[in-house]
Amino acid sequence: MKLILALFLLFSFFTSAQNNYPQDYFSNPLEIPIVLAGTFAELRSNHFHSGLDIKTQRRTGLIVKSSANGFVSRIKVSHFGYGKALYITHPNGYTTVYAHLQKFSPDIEAYVKKHQYEKESYQIELFPKAESLTVLKDSLIGFSGNSGGSGGPHLHYEIRDKEERPINPMLFGIDVKDSTNPIIKSVYAYPLNQSSVINNSNQKQKLRLIPQINGDYTVESIEAIGQIGFGIETIDRQDLAANSNGVYNIQSFLNGNLNFEIDFKRFSFNETKHLNQLIDYEHYAKNKKRIQKLFKINNPLSIIKENVNNGFLSIEDSTNSVYKIRVADYKNNESWVTINIKGIKNNVPNTSVKKTTPYFIKSDQSTHLNKEKVTVDFYKNTFYEDFYLDFDVKNDTLLLHDDIVPAKRNFTISYDVSNYNDSDIGKLYIARLVGYKNYPLYTNTKRKANLLIANTKTLGKYALAIDTIKPKISPINFKDGQWISKYRYLKVKIDDKESGISNYRATVNGKWILMEYDYKTKTLTHDFNDGVITEPKNNLKVIVTDNVGNNSTFEALFYRK
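Remember, predicted model here, so these are calculated numbers, not experimental data.

Visitor: Which parts of the structure should I look at to understand the nonpolar core?
Guide: Taken as a class, soluble globular proteins show a tendency for nonpolar side chains to be buried jointly. Phe230, Ile325, Ile339, Ile341 and Leu540 are the most contacted members of the largest nonpolar core, which has 99 residues in total. Sort the elements by how many residues they give to this core and strand S20 (residues 222-235) lands first, with five residues. Look past the residues within four positions of Ile341 in its chain and what remains in contact with it is Ile222, Ala224, Ile228, Phe230, Leu313, Ile315, Thr319, Asn320, Ser321 and Tyr323. One finds Phe378, Phe387, Leu398 and Leu464 within the second-largest nonpolar core, a separate group that totals 27 residues.

So, in structure tokens, the structure goes:
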């Protein structure tokens, strides 16, 4: 059996290796060997990772090069997400993306700052004409950094096709040293309806992995009847890094026949949200571990390539079946799990009883809920599956189930605040209560007459919160009235512990100046090399506004020669 599967997979591997992606067109975007902190399509919070995270030796400021000839087609600078990002379109139709940059090359940097000063905004998105910023292969385009939502210095690198779909860069010959087999961390068996039984239970079962000498795994034989499925928690590691990265391909086989396949080669951004239906979302919410389901329930993901009966197994009485899982990385290093299944009908199963509530949500219908002064609207196809919802309102606190059911689109929460004083209404916002202490986390809130409205994809506990505290502003590297002629940077710290910072504005002698905001360090930084501050005596004014409109003003005098 193993020999037949091996021959089948060997043929499949060589067939897939003959891809149509150019192998020598794109070069390494860094001047150091590629070592990965993150792989393509690995599982992240609410999305698949759309590129490679290339380590930069824990440093910022490494030279970043264009992988091929082309032109800068898009530039985006944002506080969060990709931070400073470049998009380069190439003659062959592909686009490469370089994100979390520290800064751009001098010509691109000048182009960006010109537009930032014109729009008086640090955050900006530009779409230069093809002839404006042309680049050559291996030419300098920027320097690696830690901007945006980066968790540490690295370069996020992507290759996209004409439809803006990200593709695994390794398919283009981007090479990473890897001779290490994927690691299987856990395997689970799932009864898929009320009449299904696994090991005398109607509940999910964690199976005990038994490592084999050859590096593969088995589990203790299971007894089952009815429709069942399996899930796997797995990671991959490359040779030169200890990071827990994503795998490239997962297949399952029932009695030697391909049963299910997840292929992480390419996806589209409009489907990445469906990751939450691929994983056991409730298990992740409770344990922070992602089990990938090897069966499909109302999931349109294109990375699910092959499936027989959506990956469901129908186990009959007095049968013996062999279920195998193969996990592979891009270099075709593989790990196998073998599960023997005995079909045994148990007349007294430990059947789980589903909790019921007065609120049954049908995924294909809209639902309107209202209690006291709180309204919740679920629109058609908000959820993947039907379920019983916990819903209650007490003293402006909304209990909206636990965050254990994934949503694929926003729903709306509305609070009628007409009973509040006019002076308070402007400072109210809708907060999601998180953690053991129910910390109020600001949810983007809009006001319409006496209604506060928030759109979200997350179930859980919500409440009205009030923010009457102004943001804090303090200088970091200077004092009022100081001479700072030898300084290159002017730095100010801003912070808001309630609803969070919404926007800021800085001027010197009444003219807007560019200050880059790093939310991770809560720092605003102005580079004097911008050349816009030319007077010896300078009046700095910084205004910071939080998400409910509280604002603070900081003013200081500084001198420069």
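Visitor: What should I look at first to understand the packing of aromatic side chains in this one?
Guide: To describe a pair of aromatic rings, you give the distance between the ring centres and the angle between the ring planes. Scanning the entire structure with this criterion turns up 27 aromatic pairs. Ring geometry for Phe378 against Phe411: centres 5.0 Å apart, planes inclined by 70°, an arrangement best described as edge-to-face. Here Phe378 is found in strand S30 (residues 374-378), whereas its partner Phe411 is found in strand S34 (residues 411-416), with 33 residues between them in sequence. For the pair Phe378 and Phe411, one class covers both residues: buried. Every member of this aromatic cluster is reached through a ring pair, and the members are Tyr21, Tyr25, Phe26, Tyr94 and Phe172. One residue, Arg74, lies across the ring of Tyr87, its end atom 4.4 Å from the ring centre. Across the ring face of Phe528, the terminal group of Arg560 is positioned such that the distance to the ring centre comes to 3.8 Å.

Visitor: In this structure, what is going on with the pairing of strand S37 (residues 445-448)? I would like to understand it.
Guide: Working note: regular strand, side chains alternate between the two faces of the sheet. Pairing of S37 with strand S38 (residues 451-456) involves four bridges; the strand directions are antiparallel. Each bridged residue has a counterpart across the sheet, and for Lys446 the counterpart in S38 is Ile453.

Visitor: Sorry, what's going on with the sheet that holds strand S12 (residues 140-144) here?
Guide: The pairing of strands in a sheet comes from backbone hydrogen bonds and takes either a parallel or an antiparallel form. Strand order in the open sheet made by the three strands is S5-S12-S9, with antiparallel pairing throughout. For this open sheet the edge positions go to strand S5 (63-65) and strand S9 (101-104), each flanked by a neighbour on one side alone. Strand-to-strand, the axes of this sheet are offset by a mean angle of 35°, without reference to chain direction. With three bridges connecting them, S9 and S12 associate as antiparallel partners. Bridged to Phe104 within S12 is Gly142. Contacts from helix H2 (residues 106-119) reach S9 and S12 within the one sheet, and its direction differs from that of S9 by about 90°.

Visitor: I keep staring at H2 and nothing clicks. Help me out?
Guide: The periodicity of an α-helix, 3.6 residues per turn, causes residues three or four positions apart to be oriented the same way. A rise of 1.5 Å per residue sets the reference length of H2, with its 14 residues, at 20 Å; its end C-alpha atoms lie 20 Å apart and thus fit the reference within 8%. Regarding H2, the residues found buried are Ile108, Glu109, Val112, Lys113, His115 and Gln116. One face of H2 carries all of its buried residues, which in axial projection span an arc of 165°. For H2, the exposed residues lying more than 90 degrees away from the buried face are Pro106 and Glu118. Where H2 terminates, the next one or two residues include Glu120, which has phi positive at roughly 50°.

Visitor: How should the layout of surface pockets be read in this particular structure?
Guide: Over the atoms a probe the size of a water molecule is rolled, and this reveals where empty space is left. Size it by volume and the largest pocket reaches roughly 1500 Å³. If you trace the largest pocket, you find 37 residues lining it, with Asp280, Glu282, Lys354, Glu385 and Ile404 closest to the centre. Contributing elements (two or more residues each) for the lining of the largest pocket: strand S15 (183-191), helix H3 (275-278), helix H4 (281-287) and strand S31 (387-389). Counting residues per element, the lining of the largest pocket draws most heavily on H4, which supplies five residues. A breakdown of the residues in the lining of the largest pocket according to their chemical character gives 15 nonpolar, eleven polar and eleven charged. Estimates place the volume of the second largest pocket at around 860 Å³. Lys84, Gln102, Lys103, Tyr489 and Glu516 are, among the 35 residues lining the second largest pocket, the residues nearest its centre. Going through the elements one at a time, S9, H2, strand S42 (489-495), strand S45 (516-518) and strand S46 (523-527) are the ones with two or more residues in the lining of the second largest pocket. The element contributing the most residues to the lining of the second largest pocket is H2, with five residues. The residue makeup of the lining of the second largest pocket, split by class, is eleven nonpolar, 13 polar and eleven charged.

Visitor: Sorry if this is basic, but what is going on with the side chain of Asp527 here?
Guide: The residue Asp527 is located in strand S46 in this model. What makes Asp527 buried here is its relative accessible area of 13%. A polar side-chain atom of Asp527 sits 2.9 Å from the main-chain amide nitrogen of Asn529.

So, how was this worked out
Residues numbered from 1 in each chain as written. Predicted model: local features only at pLDDT ≥ 70, side-chain atom pairs only at ≥ 80, totals over all residues. Heavy atoms only, no water. Core = buried A, V, L, I, M, F, W, Y, C linked by side-chain atoms within 4.5 Å. Buried < 20%, exposed > 50% of the residue type's maximum accessible area, 1.4 Å probe, protein only. Helix = DSSP H or I, 4+ residues; strand = E, 2+ residues; numbered from the N terminus. Contact = heavy atoms within 4.5 Å. Phe/Tyr/Trp six-rings, centres within 6.5 Å; stacked < 30°, edge-to-face > 60°. Lys NZ or Arg CZ within 6 Å of the ring centre and 35° of its normal. Pairing = 2+ DSSP bridges. Axes fitted to C-alpha atoms, helices over the stretch in contact; angles between N-to-C directions. Expected span 1.5 Å × (residues − 1). Arc of directions from axis to C-beta. 1 Å grid on protein atoms, 1.4 Å probe; cavity = no way out; pocket = protein on both sides within 12 Å on 5 of 7 lines; lining within 4 Å. Points joined across faces, edges and corners; volume = space filled by probe spheres on them. Nonpolar A, V, L, I, M, F, W, Y, C, P; charged D, E, K, R; others polar. Polar contact = N/O pair within 3.5 Å; in protein donor to acceptor, adjacent residues only side chain to side chain.

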